[in-house]
Amino acid sequence: MDIRVVFMGTPSFAVPVLEGLISKYNVVMVVCQPDRKKDRKGNIEYPEVKKIALEHNIDVFQPEHIKADYQKILDTKPDIIITCAYGQIIPDSILNYPKYGCINVHGSLLPDLRGGAPIHWALIRGYKETGITIMYMASKMDAGDIISQASIPIDDDIVLGELYEKLSYLGKDLLLKTLPDIINNNVTRKKQDSSKVTYGYNISRDDAHIDFSKTKTSVRNLIRGLNPYPAAYCFLEGRRIKIYAVDILDEKLKSDYKCGQIVRVDKDGIICATLDGFIKIKELAVEGKKRCLAKDYLNGVNKIELIGKVLS
C-alpha cells in the first residue's frame with residue numbers, strides 16, 4: 001500500500017510489528033535507540049529492529065536524544081508514524097506531523113499499566129489477563145485515545161519471555177487489522193478513564209530484589225515476571241544469586257522459620273520459607289556463573305551446609 005510509514009521501536013518485542021508493516025506498507029524509515037556496547041571488549045550490539053531494517057534496505061535513524069534531533073524523520077514526509085517500545089519520549093513536533101497521526105502499539109489494556117514495562121508488571125502483580133492497545137499518541141505517556149484492543153489470558157505457568165512473544169504477535173495482528181480503518185478515517189476514538197490509570201514503570205534494581213517476607217505466590221510471580229531478563233535476585237552470604245524458576249509447595253509452615261531460610265534440599269531443588277509457605281528453587285545462576293538447573297548447582301556444593309542458611 002502506498003502509505004509512507006515511519007516505524008519507531010527498538011527491542012525484539014517490536015520486530016513482529018515491523019515485519020508485519022513491511023509486508024503490507026511502504027516503510028521509509030526505522031527509528032530506534034543507538035547501538036550499545038554489549039560486553040567489556042567493546043563489541044557493539046544492534047537493536048533488534050535495526051537488524052530487520054538493514055535486511056530490507058530500509059533507512060535507519062538512531063538519535064541519542066530525539067527531542068533535539070528529529071528533522072530526518074520529518075524529511076521522509078511520513079503519512080503515519082507507528083511506534084512500539086521505542087524507548088524515548090517523542091516530541092510534539094513529530095506527534096503533530098503525520099496526516100494519519102502517530103499510532104502506538106502498547107503491551108497492556110490501557111488505561112491499566114501505562115509505562116515501559118507493562119508485561120513484567122502484569123505477571124508480577126498476578127494478573128489473569130492482559131493484552132494490546134492500539135492508540136493515538138499524546139504528549140503525556142500512554143495517555144492517548146484508544147483505537148482498538150485485544151486481550152489474552154495469562155496462564156499460571158507462563159513466564160515473561162513467553163508472554164512477551166505472545167503479545168508481540170498479537171500486537172502485529174491487531175495493528176494490521178486496525179490500520180485500514182485509521183487510514184480510512186473509520187475509527188471511534190475512546191478516551192481513557194483517568195480514574196482507572198495504573199502504571200508499569202521500567203524495572204529498577206530494587207524491584208528485582210526478592211523479598212521472601214511476602215507470600216509464596218508473590219515471590220513466584222516476581223520470579224516469573226522477570227524471567228529471563230533482568231531476572232529476580234537475592235543474596236546468599238553476600239553472593240548474588242539470580243533465580244529463574246520456582247515451584248510453590250503445598251506444605252504448610254510447621255515451624256518458626258525465617259523468611260528466606262533454606263529448610264532442606266532434594267535432588268532437584270532448594271526449598272526455602274516465605275511468609276505463608278515454601279517454594280522450591282528449580283533454576284538459578286550464581287554470581288559469575290551461567291544459568292543452570294538447581295539439581296546441577298547442588299551437585300557442586302555441600303548440601304548439608306546449605307540447610308539453615310538464609311536467602312536475603
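Given the structure is predicted, the values throughout are model-derived calculations rather than measurements.

A. Highlighting the pattern of salt bridges. Evaluation of the coordinates by the stated rule reveals 15 salt bridges. Among the ionic pairs, Asp-145 bridges to Lys-191, the shortest N-O distance being 3.6 Å. Of this pair, Asp-145 sits in the loop between β8 (129-136) and β9 (146-153) while Lys-191 sits in the loop between α6 (160-183) and α7 (216-225); the two residues are 46 residues apart in sequence, bridging distant segments of the chain. The exposed category is assigned to Lys-191, whose relative accessible area is 64%. One salt bridge connects Lys-280 with Asp-266, and the closest N-O pair in it is separated by 2.9 Å. Taken as a pair, Lys-280 in strand β14 (residues 278-286) and Asp-266 in strand β12 (residues 262-266) lie far apart in primary sequence, 14 residues in all. One salt-bridge network, in which partners are shared between bridges, spans Asp-247, Asp-266, Asp-268, Lys-280 and Lys-282.

B. Quick look at a nonpolar patch on the surface. Taken together, Ile-44, Tyr-46 and Leu-54 make up a surface patch of nonpolar side chains, about 280 Å² in accessible area. Take Ile-44: it is sitting in strand β4 (residues 44-45).

C. Representation of the side chain of Asn-227. Structurally, the position occupied by Asn-227 is in the loop between α7 and β10 (232-236). When residues no more than four places from it in sequence are discounted, the contact partners of Asn-227 are Val-159, Leu-160, Gly-161, Tyr-244 and Arg-291.

D. Structural view of the pairing of strand β1 (residues 4-9). Most of β1 is tucked away: 5 of the 6 residues are buried. As paired elements, β1 and strand β2 (residues 26-31) share 5 bridges and run parallel to each other. When the sheet's bridge partners are listed, Arg-4 is paired in β2 with Asn-26. After leaving β1, the chain enters helix α1 (residues 15-24) and then returns to the sheet as β2, a path that is right-handed. Relative to strand β6 (residues 80-84), β1 runs parallel, the two being bridged by 5 bridges. Pairing of Gly-9 across the sheet is with Cys-84, part of β6.

E. Summary view of the packing of α1 against α6. With their axes 8 Å apart at the nearest point, α1 and α6 run at an angle of 35° to one another. For the element pair α1 and α6, the recorded crossing hand is right-handed. Packed against α1, whose contacting residues are Pro-16, Val-17, Gly-20, Leu-21 and Lys-24, the element α6 presents Ser-168, Tyr-169, Gly-171, Lys-172, Leu-175, Leu-176 and Leu-179 at the interface.

F. Geometry of the packing of α1 against helix α2 (residues 48-55). Packing of α1 against α2 brings their axes to within 9 Å, and their N-to-C directions diverge by 20°. By the angle between their axes, α1 is roughly parallel relative to α2. Crossing geometry of α1 relative to α2 is assigned as right-handed. Of the residues in α2, those touching α1 at Val-15, Leu-18, Glu-19 and Ile-22 are Glu-48, Val-49, Ile-52 and Ala-53. Of the residues contributing to the contact of α1 with α2, the split by class is 6 nonpolar, no polar and 2 charged.

G. Examining α6 more closely. Across its 24 residues, α6 extends 33 Å between first and last C-alpha, which sits within 8% of the 34 Å expected from 1.5 Å per residue. Where α6 terminates, the next one or two residues include Asn-185, which has phi positive at roughly 55°.

H. Just the nonpolar core, in detail. Counting residues in each nonpolar core, the largest one holds 75 residues, and the members touching the most others are Phe-7, Leu-21, Ile-80, Ile-82, Ile-103, Leu-175 and Ile-210. If you tally residues by element for this core, the top one is α6, at 10 residues. In this structure, Ile-103 is in contact with Ile-80, Ile-81, Ile-82, Thr-83, Ile-134, Met-135, Tyr-136, Met-137, Ile-147, Leu-175 and Ile-182, ignoring residues within four places of it in sequence. The next biggest cluster of nonpolar side chains, apart from the first, holds 14 residues, and it includes Ile-66, Ile-73, Tyr-86 and Cys-102.

I. The arrangement of the packing of aromatic side chains in detail. In the structure shown here, the tally under the stated rule is 4 aromatic pairs. Ring centres of Tyr-233 and Phe-235 lie 5.7 Å apart, and the angle between their planes is 85°; on these two criteria the pair is classed as edge-to-face. Assessed through its relative accessible area of 6%, Tyr-233 is described here as buried. Between the aromatic rings of Tyr-257 and Phe-278, the centroid separation amounts to 5.9 Å while the plane-to-plane angle is 70°, which identifies the pairing as edge-to-face. You can see Tyr-257 sitting in the loop between β11 (239-248) and β12 and its partner Phe-278 sitting in strand β14, a full 21 residues away along the chain. Here Tyr-257 falls in the partly exposed class, since its relative accessible area comes to 32%. Here Phe-278 falls in the buried class, since its relative accessible area comes to 4%. If you follow Arg-189 out to its NZ or CZ, it ends over the ring of Tyr-136, 3.9 Å from the centre. When the ring centre of Tyr-233 is taken as origin, the NZ or CZ atom of Arg-240, which lies over that ring, is 4.1 Å away.

J. Broad picture of the sheet that holds β8. In space, the 7 strands of this open sheet follow the order β5-β2-β1-β6-β7-β8-β9, with mixed pairing throughout. Of all strands in the sheet, those bounded by a partner on one side alone are β5 (59-61) and β9. The average angle at which neighbouring strand axes cross in this sheet is 20°, direction not considered. Across 7 bridges, β8 lies against β9 in antiparallel orientation. Across the sheet, Met-135 pairs through a bridge with Ile-146, a residue of β9. Lying over the sheet, α2 contacts β1, β2 and β5, oriented at roughly 155° with respect to β5.

Rules used throughout
- Residues numbered from 1 in each chain as written.
- Predicted model: local features only at pLDDT ≥ 70, side-chain atom pairs only at ≥ 80, totals over all residues.
- Heavy atoms only, no water.
- Salt bridge = Lys/Arg side-chain N within 4 Å of Asp/Glu carboxyl O.
- Helix = DSSP H or I, 4+ residues; strand = E, 2+ residues; numbered from the N terminus.
- Buried < 20%, exposed > 50% of the residue type's maximum accessible area, 1.4 Å probe, protein only.
- Patch = residues over 30% accessible without salt bridge, like charges linked within 9 Å, V, L, I, M, F, W, Y side chains within 5 Å.
- Areas by Shrake-Rupley, 256 points an atom, 1.4 Å probe, with all protein chains shown as cover.
- Contact = heavy atoms within 4.5 Å.
- Pairing = 2+ DSSP bridges.
- Right-handed = clockwise from strand over helix to strand, strands pointing away.
- Axes fitted to C-alpha atoms, helices over the stretch in contact; angles between N-to-C directions.
- Left-handed = near helix turned anticlockwise from the far one by under 90°.
- Parallel < 35°, antiparallel > 145°, perpendicular 65-115°, else oblique.
- Nonpolar A, V, L, I, M, F, W, Y, C, P; charged D, E, K, R; others polar.
- Expected span 1.5 Å × (residues − 1).
- Core = buried A, V, L, I, M, F, W, Y, C linked by side-chain atoms within 4.5 Å.
- Phe/Tyr/Trp six-rings, centres within 6.5 Å; stacked < 30°, edge-to-face > 60°.
- Lys NZ or Arg CZ within 6 Å of the ring centre and 35° of its normal.

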